[in-house]
Amino acid sequence: MEKQSSGSDSPVLPAIPNRKPRTLGVNPGSRQESVDSLDSPTGSHVEWCKQLIAATISSQISGVVPPEAAARECKVSRRPNLRVFRDVQKQMQTDEVPLVPGESVRTTAKDVMYICPFTGAVTGTLTVTDYKLYFVSVERDPPFVLDVNLGAISRLETISVQSHGENTQGVEIVCKDMRSPRFAYKMEDQSKQEIVGMLTKYAFPLSNDLPLFAYQYKEEYPVDGWKVYDPVAEYKRQGLPNESWTISKINSNYEVCDTYPALLVIPTSIQEDELKRVASFRAKHRIPVLSWIHPETQATIVRCSQPLVGPSDRRCKEDERYLQTIMDANAQSHKLTIFDARQSTVAETNKAKDGGYENENFYSNVELNFLEIPNIHVMRESLRKMKEVVYPTIDEMRWHSAIDATHWLEYIRLLLAGAVRIADKLESSKSSVVVHCSDGWDRTAQLTSLAMLMLDSHYRTLRGFQVLLEKEWISFGHKFASRVGHGDENHANSERSPLFVQFIDCVWQMMRQFPSAFEFNELFLITILDHLYSCLFGTFLYNSEKERVEKEVYSKTVSLWSYINSQLEDFSNPFYVDYENHVLYPLASLRHLELWVSYYVRWNPRMRPQMPVHQNLKELLFLRAELQKRVEELQREVSSSHSLSSSSEHTSSPSHGGTPLHTTV
Amino acid sequence: MLTGSKTTFKVRQMVPDIKERMLSHSGVHARGREMFGLCCLPGECVLQRAVLVRKKLSAREGGGWLSGTLFCTHFRVAFVPQDSPKPDDNADPVLLGDHDVALASIEKVVAVGPSRTKLVTPNSSLKFTPEELVLYCRDLRVLCFLFDRLTPDTQAIEITYTIAKTYQPLKPGTLFSFQNAALGSIEMKQFLSNRRRDPNMNWFECPADWEQELERTGATGWRVSSVNDRFEMSTSLSRFNVVPQKVLDTELKKTFAHFNEGRIPRWCWRHPRGSDLLRMASFQNNIYHEKDDIRNLELVLFGGQQVCVVVDLGEEMPSPADIQLAHTRLRALCLGDISASVTVPDDKWLSTLEGTHWLDYTRCCLRKAAEVACLLRGGHLTVALQEPEDRDMNCVVSSLVQVMCDPHSRTVAGFQSLVQKEWVMAGHRFLSRINYHRDSDKEEAPVFLLFLDCVWQLWDQYPGRFQLTGDYLLALHDSVHIPLFSSFLANCQRERCRRSQHLPQSYTPINGLREMLPRGASDDPTDPPFPPVWDWALQYSSQRQARFTQPVSQPICSQPLLNGNLNTNLDPNQYGDGVPGSVFLLSRGTFSSPSNLLPWRSAGSSASYRKSHRRAPSSESLPGLERLIKACSLTEPPQNTNTAFHDPHEPLLPLLLGPCVRVWKDCYLRGALHAQAFSHPMSSITQHPVEQLACEVQQLREKLAQVSIVRPANAAKRQESHRPEANLNQNANNETFLFASSRAAQQHHASNRATAHPSALTKTPHPTPATSRSSNRDNNKHTFLFGHQSEGRHVPTRNAKLPKNN
């Protein structure tokens, strides 16, 4: 039970103990022990969201059902009800820090003041482990808990806290997830002097010659998330290989391109030596490879990096032939469209740096489009501005113009509009597309994965989305380590940029516009983003598949999908309807985009997330399942006692079951 | 295809227009109301039609295009989808079909040709054949019709002309012909006079109605006064008003002169914790206060309470002119206009939105109402809303307070009663504010629409606490723009009565509270010729009405009757300093007790007052009140979100932070043309999934009941042992679950009907699980909601051009 009390991160919410995770279908009962502890590593937000939902549900019920009845209801349903746990809350040890397996406490300091920007300063105990910072104060009822994953820390800054007394030191913990908690403490004893040192050491393990926490994390999950993505199976699902495309092992030792995965889908007719020449003509040797093929038209999404055209407009016959082959592989169209994600001016200047873009004169039947998306530095700056707008205080009167001024939504719009154009090219014009930016691992990944999400309903399922991320982002070498800066002290590194956050934001925008088209919910997206930073799981570590193999990520760390797939129902969307063959075209207009308030502004306690209506549906689904069961039971009973008379009349009715929705709520 | 060029050879098909028109006229006299597939109202005649037209469906309607026939009558522009079922002649007339728009709601007609767009006015001439016809409506809808290649050119031109000529950009005087076209026929009049009123809602038309409200809220110490029965005391007040029991009518009569327009403090609502909400106009200052008057004025203002807080809504709230300006800007921003060259660039959308101040005003109203709600929560005081005229912001705030605090107001019936009470009867000047006659441009201000937006904000933040839905609010929003409803066609009850030529008889017994004629009788003198807006069946098909309420809603607290005795844990005297009659002013979030707040207490005239009250109210009690306001968490984050939910009487306090006050996109942005371009899978399900589930749960429950009956009696013992089951059953019977079964049964009924007539509504461009539903109840178990589509790949028809600018 103590474990379940793991952090309420939100300063306003009472620490309601977690709902006990339902036993998973895999092997109920025996897993109980470890399943119980599943909740602890979930990171703060999961708890936070769950508690909010929980608070809402219980309140919704409580107005109506006397607690006793609710408890009974629980028994009927075998569904854990939060109210049951409410009493437990009081018993919990508030000074005990919930730890995940493998986590250990590094230092504890009492009488530390958390300068909460929302509710004022509060004094309590600060604990630093090798995974998180945990602050608890019993000054308030319920106890105030703040829980920050060290991985989310971008930098530590000492601040002046004169107002809190002499000999007081202050530290501001600037986080990557849109908050900056501040602490103040007296420089009295050893433990307090250690705080900053310990924080620095464990927040930036790589800079301090320590391993990332993911290597210490010892949780065991009933499912293995590393098995989620099997490239061969995924390509097979797409109908590959076929007569035009082959799954090549040419890069199995990462020799052709060290940032690409081992398995690549390339045109069948391309010879190895040709391919190598193409590789030398493309930046970072990122040759054009297939990402997705249209099941009917055979039109393909191909991704690569910029051609090394240079200032002298170099040509590469093999590259030209290669693109010709890609075009020919699709009998439906005699055109090939290249989408260059960059701004045309930037593409032009890249020529001077030996990069560039395809010259339409040299590539026959090729149409080149620039999507005019600014680079990673612009995006980083945009999100930085956004943080200023949303944390800690919000200017009510200037809110909209302040959001406008960050241009964040504008860039979201550009990305979505670009992806829509790509998807439309494939779907309506039936022509294959080649997508690239400079290196083909940032904007390219954003665009191809968004287009695939629009085109292929499989990627809108929980598993499918995991595959999409594993494939387009992780295996194709989006430089997560550089962009996020896992465990790295150098916060000013210009390589950092929130491109993945931006992509997830786009997904969220699509989810808003097509609420029933996605199997996953908002919590799923927020969880992914939190563990993008947390370093708890190995999923987003390192820059390429090659590095991950070298660092033995697959054997020594746990996959995020292990955790997620162990409790899928928390992450699933009750409204989901599988629109199998629908292509989604989100509206890429600022009027129809919204700021993802429940992610960016979630630390503000005045921002209560919207009442989750879907809980109503979950309740109904649950109720239906119960009633179905009951009808069946009764019918069985009736037919056994009345087998002569009335059985035939009723045997047909219990056929309700088998909805593909998640009745296991 | 949006502006795709027509092929060069056009099918020239001369349609004998005149003949058609004659046909249509003769049709009027025929028994059937159907004309070319259009179900006409009695007396309605088709002026023009165009065949093979496609209507662009909004995202909510499922997107894509729907082909059918476009009509223009004297009253509306109608669109009948191709394969819609034959209209049933015996069915009650519905003013507007699902795809129709009343001529009076049309604001602008724009014809789109191959190379240009043109605003078509009654006098303009078209030099090209329109390929597309865009109707901009007052209710912020934009209807877009595409003429097919096969649409005869003459029809395309003619119908554009006809619509442009008949839609009547409203001028003084044109309203009547429109109303006549809609409701003028004898059959229609007869039909309307036989309509029964919704008995579930309170109309606040007779004393009994008010008494019912007093009883519902548990208010004691108040009575219904009919002193204004002939509008002699105040022309703009309703006939019946609730005043303190202690004040006799003869005494009451003297108080009217002390208030602007005679709008004395009147009781609106009692909070379960025993506070009363009052509203009044500003004081008349230039009047001598006699000693007796003062006693009565004090009584009227304080009701039975010791403390009174006057909430000044005059200064800090937006003025009607502000609201009008903001709304005009918002319209221009949201609607866009393809005929105008200047459009707001997309990347400035949020800043421009902020510049309209519409959301600021929404926030302002919500904040004020939340403050009042928190004050009332404190218990045992009167809160009197004061506005110079008591006819605009008082309506907004008093009704918002009730939406926040009274769960009953969040049901459709309760909400309608609320609007009836605080707007229609209280004399909000609908006619001038909506400016139907185009003769009160200076007065025009969509105050009511601002209120609807505020309610939408609350609904958006607490959807589960409302029984009504966003669709309902939208329907009400749209109805405001149709000048046919008695509710909106007058500025006060007196005008409404006059219009119906049924001023009350010269004599009404003083105590004749229940002497009114029975409601719904055809000769009911209070029955106006115009239907009330609440007669939704006149406007909306039953399927669309079904969406007005949530399928799953919390049972509304069944006994809202609390007699004001809810435990408050508050010392009733905590903010009084022992002196009865302390009065405070709440203005700009702070309390004060200015000596001249009540004119009869202030210097000049207070000699007589001072004699009876030695002590002036001290300011010691201010902190108590301020604490109340603070508690409403407008300035502080909620300390415990849990407790806020537990008590059904806790007000729904809106979050007013920047990101929390949002644009009512379903309303303001539904006209944005590009928004309609793509298909939306979700909406191809005609019924909301929750509704369908609710339906199914109900079926299961019925089945369960069935089986339980069949179950042999001797199994009863075994049932005892199955405790969980018994509980479940019990729960089902007691309806402790999330929704009321009667509601689900209705739903069920509606859905059965819907399946029986696969009407225009259920027509979707692509077969979906929903439409594949069989009408057989027992067969639809697993297919109806979540079935897989087995057809080929579906691609939404994308006719709009892709956003080119990136």
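Residues numbered from 1 in each chain as written. Chains lettered and ligands numbered in written order. Predicted model: local features only at pLDDT ≥ 70, side-chain atom pairs only at ≥ 80, totals over all residues. Heavy atoms only, no water.

In the annotation of an unreviewed UniProt entry, chain B is listed under the name Myotubularin-related protein 11 and assigned to Chanos chanos. In UniProt, chain B has this text filed under Sequence similarities (unreviewed entry): "Belongs to the protein-tyrosine phosphatase family. Non-receptor class myotubularin subfamily." (UniProt positions renumbered as here; feature names shortened; annotations may be inferred.)

With an unreviewed UniProt entry as reference, chain A is termed phosphatidylinositol-3,5-bisphosphate 3-phosphatase, source organism Chanos chanos. According to UniProt, the comment filed for chain A under the heading Sequence similarities (unreviewed entry) is "Belongs to the protein-tyrosine phosphatase family. Non-receptor class myotubularin subfamily."

(A) Layout of the nonpolar core. Of all hydrophobic cores here, the largest spans 321 residues; its most connected members are Phe465, Phe500 and Ile528 of chain A together with Phe415 of chain B. It is helix α12 (residues 408-427) of chain A that contributes the most residues to this core, 13 residues altogether. Ranked by size, the runner-up nonpolar core spans 40 residues in total, among them Tyr235, Phe281, Leu290 and Val434 of chain A. (Core = buried A, V, L, I, M, F, W, Y, C linked by side-chain atoms within 4.5 Å. Buried < 20%, exposed > 50% of the residue type's maximum accessible area, 1.4 Å probe, protein only. Helix = DSSP H or I, 4+ residues; strand = E, 2+ residues; numbered from the N terminus.)

(B) View of the pairing of strand β12 (residues 336-340) of chain A. All names here are of chain A. For β12, a buried count of five out of five residues is recorded, marking the element as mostly surrounded by other parts of the structure. Burial of β12 is two-sided: the residues Leu336, Ile338 and Asp340 facing one way and the residues Thr337 and Phe339 facing the other way are all buried. Here five bridges tie β12 to strand β13 (residues 366-370), and the two strands are oriented parallel to one another. Following the sheet pairing, Thr337 is matched in β13 by Glu367. Read from β12 through helix α9 (residues 344-352) to β13, the crossover connection turns out right-handed. Judged from the five bridges that link them, β12 and strand β14 (residues 432-436) form a sheet pairing that is parallel. (Pairing = 2+ DSSP bridges. Right-handed = clockwise from strand over helix to strand, strands pointing away.)

(C) Region of interest: the UniProt feature "active site" (unreviewed entry) in chain A. Cross-referencing UniProt, the feature "active site" (unreviewed entry) maps to Cys437 of chain A in the present numbering. One can find Cys437 of chain A in the loop between β14 and α13 (443-455).

(D) How the structure looks around the sheet that holds strand β1 (residues 105-116) of chain A. All names here are of chain A. Pairing is antiparallel across the open sheet formed by seven strands, whose spatial order is β4-β3-β2-β1-β7-β6-β5. Taken across any chain shown, the strands that pair with only one partner, and hence form the sheet edges, are β4 (144-149) and β5 (153-159). Ignoring strand direction, the axes of neighbouring strands in this sheet form an average angle of 30°. Bridge analysis of strand β2 (residues 120-129) against strand β3 (residues 132-137) gives four bridges, and the strand direction is antiparallel. (Axes fitted to C-alpha atoms, helices over the stretch in contact; angles between N-to-C directions.)

(E) Molecular detail of the domain arrangement of chain B. Residue and element names in this part refer to chain B. Split into domains, chain B comes out as domain 1 (34-194) and domain 2 (207-340 + 354-430 + 442-457). In this structure, domain 1 and domain 2 have C-alpha centres spaced 39 Å apart. Each partner contributes to the interface: domain 1 provides eleven residues, whereas domain 2 provides six residues. Across the domain 1 to domain 2 interface the summed buried area is about 780 Å²; carbon plus sulfur atoms make up 57%. Looking only at domain 1, the three residues that lose the most surface to domain 2 are Thr117, Tyr136 and Leu140, adding up to 56% of its buried area. Here domain 1 and domain 2 share one salt bridge between them. Salt-bridge contacts for Glu107 lead to Arg331; the nearest nitrogen and oxygen are separated by 2.4 Å. One can count two residue pairs in polar contact (both at pLDDT 80 or more) joining domain 1 with domain 2. The set of elements that each furnish at least two residues to the side of domain 1 that touches domain 2 consists of β7 (106-112) and β9 (132-137). Looking at which element gives the most residues to the side of domain 1 that touches domain 2, the answer is β7, with four residues. Taken together, the residues of the side of domain 1 that touches domain 2 sort by class into seven nonpolar, one polar and three charged. (Domains from an automatic or database assignment. Contact = heavy atoms within 4.5 Å. Buried area = accessible area lost by both parts, 1.4 Å probe. Salt bridge = Lys/Arg side-chain N within 4 Å of Asp/Glu carboxyl O. Polar contact = N/O pair within 3.5 Å; in protein donor to acceptor, adjacent residues only side chain to side chain. Nonpolar A, V, L, I, M, F, W, Y, C, P; charged D, E, K, R; others polar.)

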